[in-house]
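# Fold and geometry: a report
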Amino acid sequence: MIYFVAFMCVVGIAIGQLLFKAGANSLQKTGSFFDKTTFLTLLIALILYGVTTIAWVWVLQKIELGKIYPLMALAFVFVPIASYFIFGERFQPQYFAGVALIVIGIIITVKA
């Protein structure tokens, strides 16, 4: 259960980052934080970050930071993959080698 909640925190952080990017794109188009789309996108991102933070504090009550924190590195995997599909961002092949190293590092540290 703890690892599931921690994983959901990572997913929440990743979605929050994508919402921040969408909000930034909207802000660039509208020029105003008070535009309905910009404001709602950023507000949802902030709320998601708040809920995720509360859940993360609960996780940290149950398990040592050093054991669970490596899972946060999954956000470095999820966000770029999602940004490729959602925003059409492109990456060089070396980038994916780095992502593979992150995943290998996560596996090693979680099993340690």
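This section reports on the structure supplied with the text. Quick caveat: nothing in here was measured; it's all calculated off a predicted structure. (Residues numbered from 1 in each chain as written. Predicted model: local features only at pLDDT ≥ 70, side-chain atom pairs only at ≥ 80, totals over all residues. Heavy atoms only, no water.)

### With respect to helix 1 (residues 2–30)
To keep it simple, the criterion reads: To qualify as a helix, a DSSP run of H or I must reach at least 4 residues; to qualify as a strand, a run of E must reach at least 2; elements of each kind are numbered from the N terminus. Each residue after the first adds 1.5 Å to the expected span of a helix. Burial status follows relative accessibility: with a 1.4 Å probe on protein chains alone, a residue under 20% of its type maximum counts as buried, one over 50% as exposed, and anything between as partly exposed. Contacts were defined at the residue level, with two residues in contact if any of their heavy atoms lie within 4.5 Å.
Between its first and last C-alpha atoms helix 1 spans 41 Å; for 29 residues at 1.5 Å apiece the expected length is 42 Å, and the two agree. Considered for burial, the residues of helix 1 that qualify are Val-5, Ala-6, Cys-9, Val-10, Gly-12, Ile-13, Ala-14, Gly-16, Leu-18, Gly-23 and Ser-26. Summarising the contacts, the buried residues of helix 1 are in contact with helix 2 (36–62), helix 3 (65–68) and helix 4 (75–87). Following helix 1 by one or two positions, Gly-31 has its phi on the positive side, about 75 degrees.

### Remarks on the nonpolar core
Selection criterion: Here the nonpolar core consists of buried residues drawn from Ala, Val, Leu, Ile, Met, Phe, Trp, Tyr and Cys, with membership extended through side-chain atoms lying within 4.5 Å.
The biggest cluster of nonpolar side chains holds 15 residues, and the ones touching the most others in it are Ala-6, Val-10, Trp-56, Val-59, Ile-68, Leu-71 and Met-72. Of all the secondary-structure elements, those providing two or more residues to this core are helix 1 and helix 2. Take this core: its biggest share by element is 5 residues, from helix 1. Residues within four places of Met-72 in sequence aside, it is in contact with Cys-9, Val-10, Ile-13 and Trp-56.

### Brief notes about the environment of Gly-50
Its location among the elements puts Gly-50 in helix 2. On a C-alpha basis, the gap between Gly-50 and Ile-13 in space is 9.8 Å, while along the polypeptide they are 37 residues apart.

### What about the packing of aromatic side chains?
Counted only if it meets this: Here a pair means two rings of Phe, Tyr or Trp (six-membered ring of Trp) with centres within 6.5 Å. Their orientation is stacked below 30 degrees between planes, edge-to-face above 60, and tilted elsewhere.
A complete count under the given rule lists 6 aromatic pairs for this structure. When the ring of Phe-91 is compared with that of Tyr-95, the centres are 4.5 Å apart and the planes differ by 20 degrees; the resulting orientation is stacked. A relative accessible area of 31% places Tyr-95 in the partly exposed class. Taking 6.1 Å as the distance between ring centres and 85 degrees as the angle between the ring planes, the aromatic pair formed by Phe-91 and Phe-96 counts as edge-to-face. Under the relative-accessibility criterion, Phe-91 is labelled partly exposed at 25%. Taking relative accessible area as the criterion, Phe-96 reaches 45% and is therefore assigned partly exposed.

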